[in-house]
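So the chains spell out like this:
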Amino acid sequence: MKRLSGKALSYRAFGVALLPTIMTIYSTTAFQPHIGNSRHMQQHQQKTIDPTFVLNLAPNGDFDFEKWSTSTKETVARTDSSASIVSDLSLGRRSLQHTLNVDSSTPLSEIQRRPWIVGHRGCLYDELENTREGFMKSADMGADAVELDVFLLKCGTLIVFHGGGADENPGHLLDYCGVNKGILELTYAEALELTFNPNYSEFGCPASKTLSGWIPTLEQVLIDAKESGLHVKVELKGPGTVEPTLEVVERLDMTSQCSYASFDKDRIAHLRRLRPDKLGYPTGALFNDVPQDYIEQAERAGATEIHLRYDTCTKDTVSDVHQAGFGSMAWFRGPIGMASDCQERFWDVGNEDESMYDLLLRTGVQQMCVNRPDVLVRYRQKILATYSNEDLVVMSDPQPMFNTTMAH
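Residues numbered from 1 in each chain as written. Predicted model: local features only at pLDDT ≥ 70, side-chain atom pairs only at ≥ 80, totals over all residues. Heavy atoms only, no water.

1. Some thoughts on the pattern of salt bridges
One pass over the structure, following the stated rule, counts 20 salt bridges. With its nearest N and O atoms 2.7 Å apart, the salt bridge here joins R275 to E250. You can see R275 sitting in the loop between helix 13 (265-274) and strand 6 (283-287) and its partner E250 sitting in helix 12 (residues 242-251), a full 25 residues away along the chain. What makes E250 partly exposed here is its relative accessible area of 29%. We note a salt bridge from R300 to D293, for which the minimum N-O separation is 3.7 Å. In this structure R300 comes out as exposed when scored by relative accessible area, which is 61%. The structure contains a network of salt bridges with shared partners spanning D289, R309, D311, R333, D341 and R345. (Salt bridge = Lys/Arg side-chain N within 4 Å of Asp/Glu carboxyl O. Helix = DSSP H or I, 4+ residues; strand = E, 2+ residues; numbered from the N terminus. Buried < 20%, exposed > 50% of the residue type's maximum accessible area, 1.4 Å probe, protein only.)

Here it is in structure tokens:
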């Protein structure tokens, strides 16, 4: 999607370029202004948008509100929901570009290295999340790495699984499998008997894939990755996962092919005490929001990377991360969270389409953990084909981001 930069942004061009995105989002969903959660969304009266409204709203399609006549502004005020869309966009609200503080006119060739593409739980719109099939398909798509979640079951088996629940009580099974207990209460034999819920919105893949899915062990997934060459980013999701994860990685001689991360900073600090070698054992400090002392937290944990939720991954924050000597990664929310963000918060991009990924690339972030790795792979190929051979050498540097320049 073509964008213009600077304070003198032409809202006419912006509106025309944005129209397909608005129509995509709002042709299938109701517009519900200023709604903060799903309960309110269900209670709010549904409003739809006229597809011709955005282009016919202002005289000659001019989206500079200051130039509008009084009569046009009065028309806007009477149009309610549709006016809110254009007004919020014109003021920089509900804009991911504004949130990330990026300049859309900067040539992407200025990025020093190509971004690493990490499949979030695999490729969860094509295969069930955290499955062998999803990870292998990510490799086939051209992803550089996959991210997965591990739990240690009471029988001593390390499994790859996400589940519901808060960070304090992860791995709950109610939404995932219709069972009102946590994954940590099961043995692996019992876990293999679980059936995934095909109606759960967090599963973006076809229902047939959900119904046929099963929970793999970490060792099974690592053996597949060893054969494909795919890098594995292991999120230490559950308690007691550090030592057994290191054991299986080292036993399979895959130290150079794995890295580790956790929202629990004590967990990665424990790994660092066990394995002081930062080059051999890269770790990422995961953040949902960005606290004021996030760099200090990462330093105390001995992390080599800082992983930020995509919408907190501003250009300035990424710069601060790099200046502090850390590698960077933007992680994207699951399907429910991303759908909510695109419906309620960000109207200048689609749900993990090229326009969204383009904005994240412009922050300078080094790795992107995405739900649609195939889309980002194709966009990266398109970018590489755009620039000169000299630019391609810079852009296609395949080395991972956690390298000697980032270790400290």
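From this point, the narrative continues.
2. Concerning the pairing of strand 5 (residues 258-262)
For strand 5, the tally of buried residues reaches five of five residues, placing the bulk of the element in the interior. Across four bridges, the pairing between strand 4 (residues 231-236) and strand 5 is parallel. In the strand pairing of strand 5, V232 is matched with C258. On the question of chirality, the crossover connecting strand 4 to the parallel strand 5 by way of helix 12 is right-handed. Where strand 5 and strand 6 come together, three bridges link them in parallel fashion. Of the residues in strand 6, the one forming a bridge with A261 is G284. For the crossover from strand 5 across helix 13 to strand 6, the handedness is right-handed. (Pairing = 2+ DSSP bridges. Right-handed = clockwise from strand over helix to strand, strands pointing away.)

3. Some words on the nonpolar core
In terms of nonpolar packing, the biggest core is built from 41 residues, with L96, I306, Y310, F332, M356, L360 and M368 touching the most fellow members. Those residues in contact with L96 that sit more than four places away from it in its chain are Y310, D311, F346, D348, V349, M356, L359 and L360. Counting 24 residues, the second-largest nonpolar core is a separate cluster that includes L218, A225, L230 and L252. (Core = buried A, V, L, I, M, F, W, Y, C linked by side-chain atoms within 4.5 Å. Contact = heavy atoms within 4.5 Å.)

4. Describing the environment of H120
You can see H120 is positioned in strand 1 (residues 116-120). Along the chain, H120 and V146 lie 26 residues apart, while their C-alpha atoms are 6.1 Å from each other. Those residues in contact with H120 that lie beyond four places of it in its chain are E147, F332, R333, G334, C369, V370 and N371.

5. As for the layout of surface pockets
Space inside the largest pocket adds up to approximately 750 Å³. Taken together, 36 residues make up the lining of the largest pocket; nearest its centre are R121, H162, K237, W331 and G334. Secondary structure elements with two or more residues in the lining of the largest pocket: strand 2 (145-152), helix 8 (174-177), strand 4, strand 5, strand 7 (305-309), strand 8 (327-331) and helix 16 (335-344). (1 Å grid on protein atoms, 1.4 Å probe; cavity = no way out; pocket = protein on both sides within 12 Å on 5 of 7 lines; lining within 4 Å. Points joined across faces, edges and corners; volume = space filled by probe spheres on them.)

6. Some remarks on the packing of aromatic side chains
One pass over the full model with this rule turns up twelve aromatic pairs. Taken together, the ring pairs connect F151, F161, Y176, F196, Y200 and F203 into an aromatic cluster. Note that K265 overlies the ring of F287, its terminal NZ or CZ placed 4.3 Å from the centroid. Across the ring face of Y281, the terminal group of R275 is positioned such that the distance to the ring centre comes to 5.9 Å. (Phe/Tyr/Trp six-rings, centres within 6.5 Å; stacked < 30°, edge-to-face > 60°. Lys NZ or Arg CZ within 6 Å of the ring centre and 35° of its normal.)

7. Description of the environment of R273
Topologically, R273 is positioned in helix 13. Here the alpha-carbon distance between R273 and G302, two residues 29 residues apart in the chain, equals 8.5 Å.

8. Side note on the environment of V179
Here V179 lies in the loop between helix 8 and helix 9 (188-191). By relative accessible area, V179 is classed as partly exposed at 25%. For V179, the contacting residues outside a window of four places in its chain are H172, L173, L174 and L194.

9. Focus on helix 16
With seven of ten residues buried, helix 16 lies mostly within the body of the structure. Restricting attention to buried positions, one finds in helix 16 the residues P335, G337, M338, D341, C342, Q343 and E344.

10. Concerning the side chain of T217
Following the sequence through the fold, T217 ends up in the loop between helix 10 (207-211) and helix 11 (218-228). Those residues in contact with T217 that sit more than four places away from it in its chain are T157, L158, I159, V160 and Y188.

11. Thoughts on the pairing of strand 9 (residues 367-370)
Side chains of strand 9 alternate between two faces, with Q367 and C369 and M368 and V370 buried alike. Pairing between strand 1 and strand 9: four bridges, direction parallel. Paired with I117 across the strands is M368, a residue of strand 9. With three bridges joining them, strand 8 and strand 9 adopt parallel strand pairing. Counted as the bridge partner of W331 is C369 from strand 9.

12. Description of the confidence of the model for the protein
For the protein, per-residue confidence averages 80 on the pLDDT scale, and residues scoring 70 or more make up 70% of the total. Contacts from residues 1-73, a stretch scored under 50 in pLDDT, to residues over four places away or in other chains number 113 contacts. (pLDDT = per-residue confidence, 0-100.)

13. Brief notes about the packing of helix 11 against helix 12
Two numbers describe how helix 11 lies on helix 12: the axes approach to 10 Å, and their chain directions differ by 35°. The two elements helix 11 and helix 12 cross, and the hand of that crossing is right-handed. Contact residues: helix 11 offers L218, E219 and L222, while helix 12 offers T245, V248, V249 and R251. (Axes fitted to C-alpha atoms, helices over the stretch in contact; angles between N-to-C directions. Left-handed = near helix turned anticlockwise from the far one by under 90°.)

14. Some thoughts on the packing of helix 12 against helix 13
Their axes nearest at 10 Å, the elements helix 12 and helix 13 cross at an angle of 50°. The angle between the axes of helix 12 and helix 13 places the two elements in the oblique class. Classified by chirality, the crossing of helix 13 by helix 12 is right-handed. Of the residues in helix 13, those touching helix 12 at V242, E243 and L246 are R267, H270, L271 and L274. Of the residues contributing to the contact of helix 12 with helix 13, the split by class is four nonpolar, one polar and two charged. (Parallel < 35°, antiparallel > 145°, perpendicular 65-115°, else oblique. Nonpolar A, V, L, I, M, F, W, Y, C, P; charged D, E, K, R; others polar.)

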